[in-house]
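Descriptive structure summary
So the chains spell out like this:
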Amino acid sequence: MKKLTIILVLVLGFTLPGCSNPAPPAGTPPKTAPEPAGIWQVGANLSYSSECIWGNTLVALETDFTNADPQNGKMPIQNIVAYDLNTREKKQISGPPEGRIMDTPAIYGNKIVFAAVDANDYFRFAVSSKIEPSPNYDVFLFDLKTNQIRQLTTEGHGQMSPRIYDTTVVWLDARNQPLNQYPPPFDIYAFDLRTNQEKRITASPTADGNSQISISGNLVVWADIRHADSTVTSHPSNDPKYNNEIYGYDLASDREQRVTNSPGNDWAPSIDGKSIVWLRQENYLKADVFMYDLDKKLETQVSHSGFAATNPSMYHNRIIWTDASSSNGNTDNDVVMNGQLPGSAIVLFDLSDQKETLLTPTEEGKVWLFPVVQGNHAVFILSRQVGGLVYAMELPSQPPP
């Protein structure tokens, strides 16, 4: 079954040096620290993007499939909700545009962006056994001040996984997508809310649609497949032969940068300021988190267990990721490997003191995934076969960078 998502050694003018610190032996588990207090459950039936927190506000998509019956015209009930991480109060922000199904939202300031697709198109694509063009998602913007929804794209192909920073919205775009390639590649487009002008960033569709894009300031980053082996048709994020690389684009200078040049598969990038973090996949189960400092022109290996999983996230000096060393990389609730249940934990690394902290307990059968850090809060999911539970945690305050 296809998965709809929605989940960068040459830099212009210089070559990347090697890693700044030697790696411990692969398989070294993260240092165990006492579990910090302050974890609480946000709720069930919630999904969120990699850029879901602004200040104390978490935005998520709440979906109720209880009475959904698409064949008889009964769509799942969806709402974008805002959750105050200080007061722990949740309120509904917006339902979907009429006749559409929404994807996970992203937030910056008082603006929320999300993609939505015609419900019939969504279900037709989900059950199709053919290789078809991506469904016709469009990008929408919700203004928390005015409570108004604005449609940003009307083009007849898929615009997916939008992210926003200040007055710039970026997304994955399928309008130039080749019809005979699977997984299908995407372009990156940007939209300036001040001028209402749209701009194509990539010269050809080379962005990996199975990986996230991220924006901070004028810099956009994504996983790029232009150097990949196009004969690999399995999920590219899990196959090193696919060989994604991380690329970036400076909207101010209109310059593209290649950030990585590795035989590993680099994907799931996240950018904060001038620092980029991503996952470098060695094989289906083994991966580690890496970071690149654009000012220092320096790549650094951040995690060393060999079993990092899902997307890393970064805010100022803090990096957060999933570590599955307790299960040798198994984070699938439906799979028992060598008689061992799946399991993973959430790890936080502080660049200022080089301290690694285990945020969730490491227990066989407990799978913690998809962490996001922003400000003094982190959110993550306890994965379950009956549906995940979203948890939040308040982190110790940090001085401004």
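The following paragraphs examine the structure supplied in this document.

Conventions we followed
Here the residue index of a chain counts from 1 through its sequence in written order. Selection of residues for local features in this predicted model requires a pLDDT of at least 70, selection of side-chain atom pairs for listing and counting requires 80 or more, and totals for whole chains, interfaces and linings are taken over all residues. Remark: hydrogens and water are excluded; side-chain values derive from all non-hydrogen atoms of the structure. Comment: elements are numbered from the N terminus, with helices defined as DSSP H or I runs of at least four residues and strands as E runs of at least two. Exposure categories follow from relative accessible area, calculated using a 1.4 Å probe and restricted to protein chains: below 20% of the type maximum is buried, above 50% is exposed, and the middle band is partly exposed. For every accessible area listed, the method is Shrake-Rupley and the probe measures 1.4 Å; residues are considered covered only by the protein chains on display. Pairing between two strands requires that DSSP report at least two bridges joining them. Interaxial angles span 0 to 180 degrees and are taken between N-to-C directions of axes, which are lines fitted to C-alpha atoms, for helices over the stretch in contact. Each reported salt bridge corresponds to a side-chain nitrogen of Lys or Arg within 4 Å of a carboxyl oxygen of Asp or Glu. In summary, the pairing rule links any two rings of Phe, Tyr or Trp, Trp by its six-membered ring, whose centres are within 6.5 Å, and it sorts them by plane angle into stacked for under 30 degrees, edge-to-face for over 60 and tilted for everything else. Under this definition, polar contacts are N or O atom pairs within 3.5 Å; protein pairs additionally need one hydrogen-donor-capable and one acceptor-capable atom, and for neighbouring residues in sequence, both atoms have to be side-chain atoms.

Details of the overall build of the chain
- Looking only at helices and strands, the chain has one helix and 33 strands in total.
- Looking at the chain as a whole, 55% of its 401 residues are labelled buried.
- Accessible area of the chain: about 17500 Å², with a carbon and sulfur share of 48%.

Regarding the sheet that holds strand β32 (residues 377-383)
- Strand order in the open sheet formed by four strands is β3-β33-β32-β31, and the pairing between neighbours is antiparallel. Both outer strands of the open sheet, β3 (39-44) and β31 (367-374), are each paired with one neighbouring strand and no more. Each adjacent strand pair in this sheet contributes to an overall mean axis angle of 25°, direction not counted.
- As paired elements, β31 and β32 share six bridges and run antiparallel to each other. Directly across from Leu369, in β32, lies its bridge partner Ile381.

Some thoughts on the pattern of salt bridges
- One pass over the structure, following the stated rule, counts 15 salt bridges.
- Taking the shortest distance from any N to any O, the salt bridge between Arg280 and Asp266 comes out at 2.6 Å. Here Arg280 is found in strand β24 (residues 275-281), whereas its partner Asp266 is found in strand β23 (residues 265-272), with 14 residues between them in sequence. No difference in accessibility class separates Arg280 from Asp266, as the two residues are buried.
- Glu299 serves as the salt-bridge partner of Arg280, at 3.1 Å between the closest nitrogen and oxygen. Within this pair, whereas Arg280 is found in strand β24, its partner Glu299 is found in strand β26 (residues 298-301), the two being separated by 19 residues in sequence.
- On the basis of relative accessible area, Glu299 is assigned to the buried category, the value being 8%.
- Bridged by salt links that share partners, the residues Asp173, Arg175 and Glu198 form one connected network.

As for the packing of aromatic side chains
- All chains considered together, the criterion is met by eight aromatic pairs.
- On the basis of an interplanar angle of 25° and a centroid distance of 6.5 Å, the ring pair of Trp222 and Tyr247 is categorised as stacked. Taken together, the residues Trp222 in strand β20 (residues 219-224) and Tyr247 in strand β21 (residues 245-250) connect sequence positions 25 residues apart. Both residues of the pair, Trp222 and Tyr247, belong to the buried class.
- Ring geometry for Trp368 and Tyr391: centres 5.2 Å apart, planes at 70°, overall edge-to-face. Residue Trp368 is found in strand β31, and its partner Tyr391 is found in strand β33 (residues 389-394); the two are separated by 23 residues along the sequence. In this structure, Trp368 and Tyr391 share a single accessibility class: buried.

Points about the pairing of β32
- A large share of β32 lies buried, amounting to seven of its seven residues.
- Of the two faces of β32, the one holding His377, Val379, Ile381 and Ser383 and the one holding Ala378, Phe380 and Leu382 are both buried throughout.
- Connecting β31 to the next strand, β32, in antiparallel fashion are two residues, including Gly375 with a positive phi near 60°.
- Counting the residues that bridge the hairpin from β32 to β33 gives five residues, and of these Gly387 lies at a positive phi of roughly 115°.

Considerations on the sheet that holds β24
- As summarised here, the arrangement of the four strands in space is β23-β24-β25-β26, forming an open sheet in which the pairing is antiparallel. Each edge of the open sheet carries a strand with a single partner, namely β23 and β26. For this sheet, the mean inter-axis angle between neighbouring strands, taken without regard to orientation, is 25°.
- Across seven bridges, the pairing between β24 and strand β25 (residues 287-293) is antiparallel. Note that in β25 the partner of Arg280 across the bridge is Asp288.

What about the side chain of Ser305?
- Along the chain, Ser305 falls in the loop between β26 and β27 (308-315).
- Its relative accessible area of 4% is what places Ser305 among the buried residues.
- In terms of polar contacts, Ser305 uses its side chain to reach the backbone amide nitrogen of Phe307, at 3.1 Å.
- There is a polar contact of 2.4 Å between the side chain of Ser305 and the side chain of Asp323.

Quick look at the pairing of β27
- A large share of β27 lies buried, amounting to eight of its eight residues.
- Where β27 lies against strand β28 (residues 318-323), five bridges are found, and the strand directions are antiparallel. Looking at β28, one finds that Ala308 is bridged to Asp323.
- Here β27 hands over to β28 after two residues, with His316 in that stretch at a positive phi of 50°.

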